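# Reading the structure
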Amino acid sequence: MTECSMTSSEASKNWPEGTVSIRITMNPYIFAMAMEQCFKEGMKPWEYINVAIWEKLGKPEHDALMDFAANLEIDDEDPKWKKRLRINARHEVEVARAKAEFMRMLEQEPADGNGQET
């Protein structure tokens with residue numbers, strides 16, 4: 001497993017776990033300044049970029065990110081990672097809903113646990 005699959009910032013606790021390897025084009029001056037700043041803050045470059053993008057997006061919470069990914073529009077030309085992301089997010093959203101429903105059902109059961117009133 002590569003080192004880039006790990007995140008350690010406080011901000012990363014607000015988004016779902018996962019990584020995708022991408023190739024991006026950046027302005028070298030901005031990138032050089034960002035590299036220096038991320039090392040000063042004890043972060044890896046990809047995490048610094050993730051945090052900056054997350055903050056620019058208005059710091060969306062975990063559930064908002066999951067819902068967005070679960071409802072992505074997919075075209076035939078879209079990359080495989082985007083298709084897998086939507087499938088995985090839909091699964092995670094449904095699992096979370098099922099768990100919440102199960103917990104509500106447990107809370108509604110009588111205290112003695114056998115379903116019969118005494």
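Now for a quick tour of the structure. Just so it is clear, the model here is predicted, and its values are computed rather than measured.

Moving on: the overall build of the protein. Secondary structure summary: the protein contains four helices and zero strands in total. Reading the secondary structure of the protein in the N-to-C direction produces α-α-α-α. Expressed as a percentage of its 118 residues, the buried residues of the protein come to 19%. Sequence separation of at least 24 residues holds for 49% of the intrachain contacts in the protein that already meet a minimum separation of 6. Summing over all exposed atoms, the protein offers an accessible surface of approximately 10,100 Å²; the carbon and sulfur share of this is 54%.

Attention now moves to unusual backbone geometry. With a phi close to 55°, K59 is a non-glycine residue in the positive phi region. For K59, the location among the structural elements is in the loop between α2 (45-56) and α3 (62-70). K59 sits in the partly exposed class, given a relative accessible area of 48%.

Per the counting criterion, the structure on display carries one aromatic pair. With centroids separated by 5.4 Å and ring planes inclined at 70°, the aromatic side chains of W15 and W54 adopt a geometry described as edge-to-face. Residue W15 is located in the segment before α1 (28-40), and its partner W54 is located in helix α2; the two are separated by 39 residues in the primary sequence. Accessibility assignment for this pair places W15 and W54 in one class, buried.

Okay, a nonpolar patch on the surface next. A cluster of nonpolar residues, V20, I22, I24, M26, I30, F31, W81 and L85, forms a patch on the protein surface that exposes about 720 Å² of accessible area. Residue assignment for the nonpolar patch shows that the elements contributing at least two residues are α1 and α4 (80-108). Inspection of the secondary structure assignment puts V20 in the segment before α1. Here V20 falls in the partly exposed class, since its relative accessible area comes to 42%.

The next point concerns α1. Each α-helix turn comprises 3.6 residues. Residues three or four places apart therefore point the same way. Between its first and last C-alpha atoms α1 spans 18 Å; for 13 residues at 1.5 Å apiece the expected length is 18 Å, and the two agree. Of the residues making up α1, those classed as buried are A34, M35 and C38. Projected down its long axis, α1 shows its buried positions confined to an angular sector of 105°, all on one face. Summarising the geometry of α1, the exposed residues directed more than 90 degrees from the buried face are Y29, M33, E36 and K40. Looking at the buried residues of α1, the elements they touch are α2. Of the residues that open α1, the one with a side-chain oxygen 2.8 Å from the backbone nitrogen of Y29 is N27.

Reading the values: the criteria
All chains use their own residue numbering, which begins from 1 and follows the written sequence. Only residues with pLDDT of at least 70 get local features here, since the model is predicted, and only at 80 or more are side-chain atom pairs given and counted; chain-wide, interface and lining totals rely on the full set of residues. Side-chain metrics rest on all non-hydrogen atoms present in the structure, leaving aside hydrogens and water. Only runs of H or I of at least four residues qualify as helices and only runs of E of at least two qualify as strands under DSSP, and these elements are numbered from the N terminus. Throughout, exposure labels follow a simple rule: accessible area from a 1.4 Å probe, protein chains only, divided by the maximum for the residue type, with under 20% read as buried, over 50% as exposed, and the rest as partly exposed. Residue contacts are defined here by distance: any two heavy atoms, one from each residue, within 4.5 Å place the two residues in contact. Here the accessible surface of atoms and residues is derived via Shrake-Rupley with a 1.4 Å probe, and residues count as covered only by protein chains that are part of the display. Stacked, edge-to-face and tilted labels apply to pairs of Phe, Tyr and Trp rings (six-membered ring for Trp) whose centres lie within 6.5 Å, assigned for plane angles under 30 degrees, over 60, and everything in between, in that order. For patches, a residue must show more than 30% relative accessible area and have no salt bridge; joins then use 9 Å for like charges and 5 Å for nonpolar side chains, namely Val, Leu, Ile, Met, Phe, Trp and Tyr. What counts as a salt bridge is simple: a side-chain nitrogen of Lys or Arg found within 4 Å of a carboxyl oxygen of Asp or Glu. Expected helix span is computed as 1.5 Å times (number of residues minus one). Relevant arc is that of directions from the helix axis to the C-beta atoms, nothing else. Under this definition, polar contacts are N or O atom pairs within 3.5 Å; protein pairs additionally need one hydrogen-donor-capable and one acceptor-capable atom, and for neighbouring residues in sequence, both atoms have to be side-chain atoms.

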